[in-house]
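Coordinate inspection notes
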Amino acid sequence: MAKNLQNWIKKNLISRYVMTDCPEEERCLHVLEVILDDESTLDEEQEYFAHIEQCWTCYQNYNLEKAIRELIKTKIEKKPVPDTLLKSIKLEIEKLTIE
Amino acid sequence: MNLMSEAPKRQYSEAEKAKVFDGEFFPHIDSMYNFAYRLTFDEDDAKDLVQETYLKAFRFIESFQEGTNAKAWLFRILKNSFINDFRKKSKEPAKVDYQEVESYYNSDDVDKAITTDLRIDMLKDMMGDEVSTALNTLDVDFRTVIILCDLEGFKYDEMARILDIPIGTVRSRLHRARNLLREKLRMYAKTMGYIKKS
């Protein structure tokens, strides 16, 4: 990244955050996971989103983690089920029924 | 066979069995096949595993309570079948040069490390194959929790039942798995030249 762009980001974006290093980054990452997994409490969510308004590191982690989840969901190819599979399972079940 | 042995039994007529299979079990064949494939990395083994799962579901259907989560019940059978019958013969994915990652995995740092030089713009250029390989090269226990949670959308309590582990273990395993996956994605970004080699 060009140095002047880095400086611009620092001046205009990062500077509005009170914290650029998070003393509780590991704990925040755990909470972030629970939030993205839709398993968090309302209190956890409120506390976390208030925190990332202030913390540049956790704001970045939030966006990165969300992007990774999206990447997994969208880029991993689903394999089509072979046409014959359902038919052969039904046949095998029929055999068991006759037995 | 100790399949759902703790569940109360329920008797099904032949017509009821057919209804449960058509209405609740067969609609999950797509997810089950994909789960089986990502465990075995072999199309024929995946087919056998799914077929075996459905046959076991038929034999032990008395343990299934209608109205409960059929998908989770089937996934639990599939996972147990994989461990008991398929794990030994399943193929390992092609190994990339991940020695660095493996030593990281074996260290205590795995819970603490945070990848600071992986950025969103790097992820956007990654291909499906690269993401799949990163997932596939995770140890099967770590791969499984990511598949169940991120691809299949199971909740922690459902995963705990599928895997026969406490919810706390589900959470810690997921956390480790995601740290490892992030590290593997970072390795890709490095090989693609997005991150300077140190």
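Quick look at the structure, then. (Residues numbered from 1 in each chain as written. Chains lettered and ligands numbered in written order. Predicted model: local features only at pLDDT ≥ 70, side-chain atom pairs only at ≥ 80, totals over all residues. Heavy atoms only, no water.)

Here the focus is the environment of Pro-23 of chain A. Residue and element names in this part refer to chain A. Here Pro-23 shows up in the loop between α1 (3–12) and α2 (25–36). A relative accessible area of 71% means that Pro-23 is categorised as exposed. Measuring from C-alpha to C-alpha, the distance between Pro-23 and Thr-57 comes to 10.0 Å, with 34 residues separating the pair along the chain. (Helix = DSSP H or I, 4+ residues; strand = E, 2+ residues; numbered from the N terminus. Buried < 20%, exposed > 50% of the residue type's maximum accessible area, 1.4 Å probe, protein only.)

Once that is clear, we can look at helix α9 (residues 156–163) of chain B. Along α9 of chain B, six of the eight residues are buried, which leaves the element largely enclosed by surrounding structure. Of the positions making up α9 of chain B, those classed as buried are Tyr-156, Glu-158, Met-159, Ala-160, Ile-162 and Leu-163 of chain B. Each element contacted by the buried residues of α9 of chain B is listed here: α2 of chain A together with α4 (70–86), α8 (140–151) and α10 (167–191) of chain B. Downstream of α9 of chain B by one or two residues, Asp-164 of chain B has phi in the positive range, about 60°. (Contact = heavy atoms within 4.5 Å.)

Applying the stated criterion across every chain yields a total of 14 aromatic pairs over all chains. A ring pair is formed by Tyr-48 of chain A and Phe-49 of chain A, whose centres lie 5.7 Å apart and whose planes are at 80°; its orientation type is edge-to-face. Residue classification places Phe-49 of chain A among the partly exposed positions, given a relative accessible area of 30%. Aromatic side chains Phe-21 of chain B and Tyr-54 of chain B sit 6.3 Å apart centroid to centroid with 45° between the ring planes, which places their arrangement in the tilted category. One end of the pair, Phe-21 of chain B, is in helix α1 (residues 14–25); the other, Tyr-54 of chain B, is in helix α3 (residues 43–59), with 33 residues separating them in the sequence. On the accessibility criterion, Phe-21 of chain B (3% relative accessible area) is buried. Site record: aromatic cluster; members linked through ring pairs are Phe-21, Phe-25, Phe-26, Tyr-54, Phe-58, Phe-64 and Trp-73 of chain B. The positively charged end of Lys-79 of chain A is found above the aromatic ring belonging to Tyr-37 of chain B, 4.5 Å away from the centroid. (Phe/Tyr/Trp six-rings, centres within 6.5 Å; stacked < 30°, edge-to-face > 60°. Lys NZ or Arg CZ within 6 Å of the ring centre and 35° of its normal.)

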